[in-house]
Amino acid sequence: MDQVEEVKNKIDVVQLVGEYVKLTKAGRNYKGLCPFHGEKTPSFMVNPELSIYKCFGCGEGGDVISFIQKMEGIEFGEALKILAKRAGITLKSYVPTKREEERETLLRANGLAADYFHFLLTKHDLGRDAKKYLLDRGITEESITRYKLGFAPEGWDYLIKFLADKKGFKLLELERAGLVVPSVKGNSGGYDRFRNRIMFPLCNHRGQVVGFAGRVLPGADEKAGGKYVNTSETELYHKGDLLYGLDVNKSEIKSKNSAVIVEGEIDSIASFQAGVGNVVAIKGSALTARQVELLKRYTDTIILALDADLAGDMAARRGIELAEKAGMIIKVVEAGSLKTNPKKYKDPGEWAIKDGEGWKNAVEEAVGIYDFYITSAVERHGLEAVGKTKVGKELLPIWARIEDEIVKGHYVKKLAGMLGVAEEDVRKQMNKTAGSGGAIKPGLTEDKLEQKRSRREVVEEYAVGLAVRNNKLEELVSPFVAELFRDGFWAKVVEDIKGNLDGERTVKDIVGMMKPELRGRIEELTLIEEELLPDEVEKEWKSAVDELEEATIREKLSGLLGLPGKEEEVTKLVFRLNELTRSR
Ligand SMILES: [Zn+2]
């Protein structure tokens, strides 16, 4: 057995997937909400026997390695390494691909840069002022360590000297890692991207440094690059994928079953210091699909504490809709309300540092997103006649897009009460505005076209499914039943099973031996949920076989009718056909 197989065999698929998806037992399988597309009813199945998974909603499927690849967004080799480690297997001969090696190099460069900046901030004279500034602003030593804050000194080549001269990286690698800016196009020279800045390493959820945010020190020339300089998009860093602080705060997010979303690195750190450690930061106001997917692994509730005007900011609303579609509960910290934020702190960072308890309470008292929309609209427009019109105008398109009918009903009622009109009128007006306001692309499930299949193919597939799920392979390949298969694909499957079946082999063995082009659909069949009692299985089996026999007879008859010398055969077939149809 090669090592890939060894790793696959040692990993318990249910346990592994269970770390990302809540699974419940469903017959021989387990099912849960698909991590690859948003859904509210489970269509994601895991089969422990074959060690595979499959989503019947979006079509994603595969084995333990592909699962880790997709969940973590990594290459085959990296996934294999993670699982081998988990299984306690030392990989002997795995040769990483060029791409994996390159990625590894860029990660190493970023990691070393973070170490270097951190050293300068905490241990070196060059970082003294920067550290004093952080401490003065209320950032603690503990946070500096936890988030590995650093300092990039004023100068053009501190980092280049360290990474290129001392650690042997090529300038081009440092450029690709986003650490060095090429000085002239085509020229091999370059200079440090981050100069005289406090450095925030941006880590992915696995704690690997993929980029940096650099904040300029006050008094320094802000024109030279702006208050913040971020790593631009690189092979490692994609702005929309990252949740700042997820690597260090994910266990708290899991245990509190909620994630507070703020907009900046400092906001995130300050919140942690105030005892609200289930916090992550995004760049800008809009959650992306990838971020929603990441968060969903740890929690189903997000609490937004963003600077943006959520009702007016289309990008923010789109992010909220994405999260809702993924089945998440969305709450909002009412930072704009005088009741919650009487001192009018301008951002969560200032709030959490100056009044930690207040911030903590505000997060605890976060309100549902739609309640927030109402309060915010009413605060801005008032409830005079003109105000009511404006409130309605603002909220109706949002209401029209609420997917969950129960939630929608609740808020239609609430809005109607608020505006002093009949629910019916709110609904009418809402239906008029439906469709406006930036449509979101429908999910895969909605896009998927049901392929046209013949009744015969459906029944054949059903029979094979019953057989593989209920140890009826012997019956399936018995001459009488096997003869009834006509559809090219399923006939081949039956043929293949017949060739490999001998009393000793399990369903798993048989599926494993199957021709690769046939195997995929068989694996899917094993994942179908079936809750039949043994006698129900027998009944279903008999009726499937009968239907195939009936179809076979009809096909034969249409070829024989009218042919001379075939009368006796026809009579026999008609007799059998009558038997079959009468018994139904
Ligand atoms: Zn899916």
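Owing to the predicted nature of the structure, the values given are computational and were not obtained by experimental measurement.

So, how was this worked out
Counting from 1, residues in each chain are numbered in the order their sequence is written. It should be noted that, the model being predicted, local features are given only for residues of pLDDT at least 70 and side-chain atom pairs only at 80 or more, the latter also being counted only at that level, while totals for whole chains, interfaces and linings use all residues. In computing side-chain properties, one takes all heavy atoms of the structure into account and sets aside hydrogens as well as water. The term salt bridge refers to a pairing of a side-chain nitrogen on Lys or Arg with a carboxyl oxygen on Asp or Glu at a separation within 4 Å. Labels follow the DSSP assignment, with helices taken as runs of H or I lasting at least four residues and strands as runs of E lasting at least two, numbered in each case from the N terminus. Classification of residues uses two cut-offs on accessible area relative to the type maximum, computed with a 1.4 Å probe and protein chains only: under 20% is buried, over 50% is exposed, and between them is partly exposed. Helix span, as expected, comes to 1.5 Å for every residue beyond the first. What the arc describes is the spread of directions from the helix axis to the C-beta atoms. Should any heavy atoms of two residues lie within 4.5 Å, those residues are counted as being in contact. Throughout, nonpolar core names a set of buried Ala, Val, Leu, Ile, Met, Phe, Trp, Tyr and Cys residues whose side chains join them through atoms within 4.5 Å.

J.: Just checking my understanding: could you explain the pattern of salt bridges for this structure?
T.: Once their charged atoms are close, side chains differing in charge can pair, the charge on each being opposite to the other. In the structure shown here, the tally under the stated rule is 39 salt bridges. Glu524 is paired through a salt bridge with Lys54; the nearest N and O atoms lie 2.8 Å apart. One end of the pair, Glu524, is in helix α26 (residues 516-527); the other, Lys54, is in strand β4 (residues 52-55), and 470 residues separate them in sequence. You can call Glu524 partly exposed: its relative accessible area is 26%. A relative accessible area of 14% means that Lys54 is categorised as buried. Here the salt bridges share partners, and the residues they tie into one network are Lys98, Glu102, Arg176 and Glu235.

J.: Got a minute to help me understand helix α24 (residues 488-500) in this structure?
T.: One turn of an α-helix holds 3.6 residues; hence residues three or four places apart share an orientation. Across its 13 residues, α24 extends 19 Å between first and last C-alpha, which sits within 8% of the 18 Å expected from 1.5 Å per residue. Buried residues of α24: Phe489, Trp490, Val493, Val494, Asp496, Ile497 and Asn500, and no others. Relative to the axis of α24, the buried residues are bounded by an arc of 160° and lie together on one face. α24 presents Lys492, Glu495 and Gly499 as exposed residues on the side facing more than 90 degrees away from its buried surface. Residues of α24 that are buried in the fold lie against α21 (455-469), α22 (473-476), α23 (479-482), α25 (507-513) and α26.

J.: What is the right way to look at the nonpolar core in this model?
T.: Generally speaking, nonpolar side chains in soluble globular proteins are found buried as a group. Ranked by size, the top nonpolar core spans 65 residues in total, and within it Leu149, Leu179 and Trp359 carry the most contacts. Top contributing element to this core by residue count: helix α5 (residues 98-123), with 10 residues. In this view, Trp359 contacts Val260, Val262, Ser271, Ala274, Val276, Ala305, Val333, Pro348, Trp351 and Ala352; residues no more than four positions away in its chain are not counted. Formed by 45 residues, the second largest nonpolar core is a distinct cluster that contains Tyr298, Ile302, Ala323 and Tyr370.

J.: Which parts of the structure should I look at to understand the environment of Val180?
T.: Mapped onto the elements, Val180 comes out in strand β7 (residues 180-182). When the C-alpha atoms of Val180 and Gly190 are compared, they prove to be 6.1 Å apart, with 10 residues separating the residues in sequence. Apart from residues no more than four positions distant in its own chain, Val180 is found in contact with Ile160, Leu171, Leu174, Glu175, Gly190, Tyr191 and Arg193.

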